[in-house]
Amino acid sequence: MSTRTLVSPLTLARPRGKAVYWTVFCGVVLLFALAFLFPVYWMVTGAMKSPDEVTRTPPTLVPDRWHLSGYTDAWDLMDLPTHLWNTIVQAAGAWLLQLVLCTAAAYALSKLKPAFGKLILGGILATLMVPAQALVVPKYLTVADLPLIHTSLLNDPLGIWLPAVANAFNLYLLKRFFDQIPRDVLEAAEIDGAGKLRTLWSIVLPMSRPVLGVVSIFALVAVWQDFLWPLMVFSDTDKQPISVALVQLSQNIQLTVLIAAMVIASIPMVVMFLVFQRHIIAGISAGSTKG
């Protein structure tokens, strides 16, 4: 069965048609690459300009003189190692708890078929229709005075971890993937004597690596880029994540130093995307399984 495209195979077989096709193709790819990479280049080089040059009109495409002091000043003056470590701790804890609890809940709703499972899932999905801003005040009051034990989680990473655990979207994403796992695979594990927990650990999780990678990226990025909730939880400057610290410490900082701090703060997320991009692509087709 032949595949129909915008350009017929007969046209591509001709030298002129092939030349036009590859010219247009390379031009489009180059334009898209410039559209995505130019803002990155502008930000990286902006931190290497002098304070006068970065505000010059018209702007300079290439710095007149390359200054690395913006990055070193940002690292020292804004205490980036401390705030980056705070962000890593908060993001890693939220990711781990969310992955464990959302995976367990999705597996139970998908394969264990508990009583009132559909009703519970409907209630979970209904929370997606509630604006996040409407939950800020109730969450803050709960974290400030935890019910029953009456303990405050302010200025504590648990104030970030616990609210991040209940993520209805990621839970639904995991459940939809678990629904596609053939029942025959689980029944074969039961015949071999595997219990429900062993089946989850040895059978379901290894098959779910693509969707687990996608959920992990969603969880980490959500905590890394969040601003309002960490601002409310952490009044102690030494415990604030990088997203809050950049705003709090930017009042008396030169523009080039602030730009450099933003570049440094974005590096971990860029590296994570480059490392796990194959999981994003695999997660697009996560609903398909081979028989």
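Placed above this text is the structure.
Residues numbered from 1 in each chain as written. Predicted model: local features only at pLDDT ≥ 70, side-chain atom pairs only at ≥ 80, totals over all residues. Heavy atoms only, no water.

1. Remarks on the packing of helix H5 (residues 80-112) against helix H8 (residues 158-165)
The following threshold applies: Each axis is a line fitted through C-alpha atoms, and for a helix only the stretch in contact is used; angles between axes span 0 to 180 degrees, taken between their N-to-C directions. Secondary structure is summarised from DSSP: a helix means a run of H or I of at least four residues, a strand means a run of E of at least two, and numbering begins at the N terminus for each. An angle below 35 degrees is treated as roughly parallel, one above 145 as roughly antiparallel, one from 65 to 115 as roughly perpendicular, and anything else as oblique. Should the near helix be turned counterclockwise from the far one by less than a right angle, the crossing is left-handed, whereas a clockwise turn marks it as right-handed. Any two residues whose heavy atoms approach within 4.5 Å are treated as being in contact. Throughout, the ten residues Ala, Val, Leu, Ile, Met, Phe, Trp, Tyr, Cys and Pro are labelled nonpolar, Asp, Glu, Lys and Arg are labelled charged, and all others, Gly among them, are labelled polar.
Contact pair H5 / H8: the axes reach a minimum separation of 8 Å and the direction vectors enclose 30 degrees. Our classification of the angle between H5 and H8 gives roughly parallel. Between H5 and H8 the crossing geometry is right-handed. Counted together, Val 89, Gln 90, Gly 93, Ala 94, Leu 97, Gln 98, Leu 101 and Cys 102 of H5 and Ile 160, Trp 161, Ala 164 and Val 165 of H8 form the full contact between these two elements. Here the residues of the contact of H5 with H8 are counted per class, giving nine nonpolar, three polar and no charged.

2. A short note on the packing of aromatic side chains
The way to describe two aromatic rings as a pair is by their centre distance and the angle between their planes. Defined as follows: Put simply, two rings from Phe, Tyr or Trp (the six-membered ring, in Trp's case) pair if the centres are within 6.5 Å, and we call them stacked under 30 degrees between planes, edge-to-face over 60, tilted for the rest. Burial classes: relative accessible area under 20% of the type maximum marks a residue as buried, over 50% as exposed, and values in between as partly exposed (1.4 Å probe, protein chains only). Here, over-ring charges are defined by two tests on the NZ atom of lysine or the CZ atom of arginine: distance to the ring centre within 6 Å, and angle to the ring normal within 35 degrees.
Enumeration according to the criterion identifies six aromatic pairs in this entry. Plain terms: the ring middles of Tyr 107 and Phe 178 are 6.4 Å apart, the flat faces sit at 85 degrees to each other, and that makes the pair edge-to-face. In this pair, Tyr 107 sits in helix H5 while Phe 178 sits in helix H9 (residues 168-179), placing the two residues 71 residues apart along the sequence. Exposure class is identical for Tyr 107 and Phe 178. Each is buried. Look at Phe 169 and Phe 218: their rings are 6.0 Å apart centre to centre, the planes differ by 50 degrees, and that puts the pair in the tilted class. With Phe 169 in helix H9 and Phe 218 in helix H12 (residues 209-225), this residue pair connects regions lying 49 residues apart in the sequence. Note on Phe 218: relative accessible area 39%, which makes it partly exposed. Taken together, the ring pairs in this structure connect Phe 38, Tyr 41 and Trp 42 into an aromatic cluster. Note that Lys 49 overlies the ring of Trp 42, its terminal NZ or CZ placed 4.3 Å from the centroid.

3. Overview of the pattern of salt bridges
In plain terms, the rule: Each salt bridge in this description consists of a side-chain nitrogen of Lys or Arg and a carboxyl oxygen of Asp or Glu lying within 4 Å of one another.
In the structure shown here, the tally under the stated rule is six salt bridges. A salt bridge links Asp 179 to Arg 176; its shortest N-O distance comes to 4.0 Å. With a gap of three residues between them, Asp 179 and Arg 176 both fall in helix H9, about one helical turn apart. Classification of Asp 179 as partly exposed rests on a relative accessible area of 26%. The exposure class of Arg 176 is partly exposed, given its relative accessible area of 41%. Salt bridges sharing common partners tie together Arg 183, Glu 187, Glu 190 and Lys 196.

4. Regarding unusual backbone geometry
Note that the residue after Thr 57, namely Pro 58, is joined by a cis bond; omega there is -5 degrees. The backbone phi angle of Leu 148 is positive, close to 75 degrees, even though this residue is not glycine. Even without being a glycine, His 150 presents a positive backbone phi close to 50 degrees. Position of His 150 relative to the elements: it lies in the loop between helix H7 (136-144) and H8.

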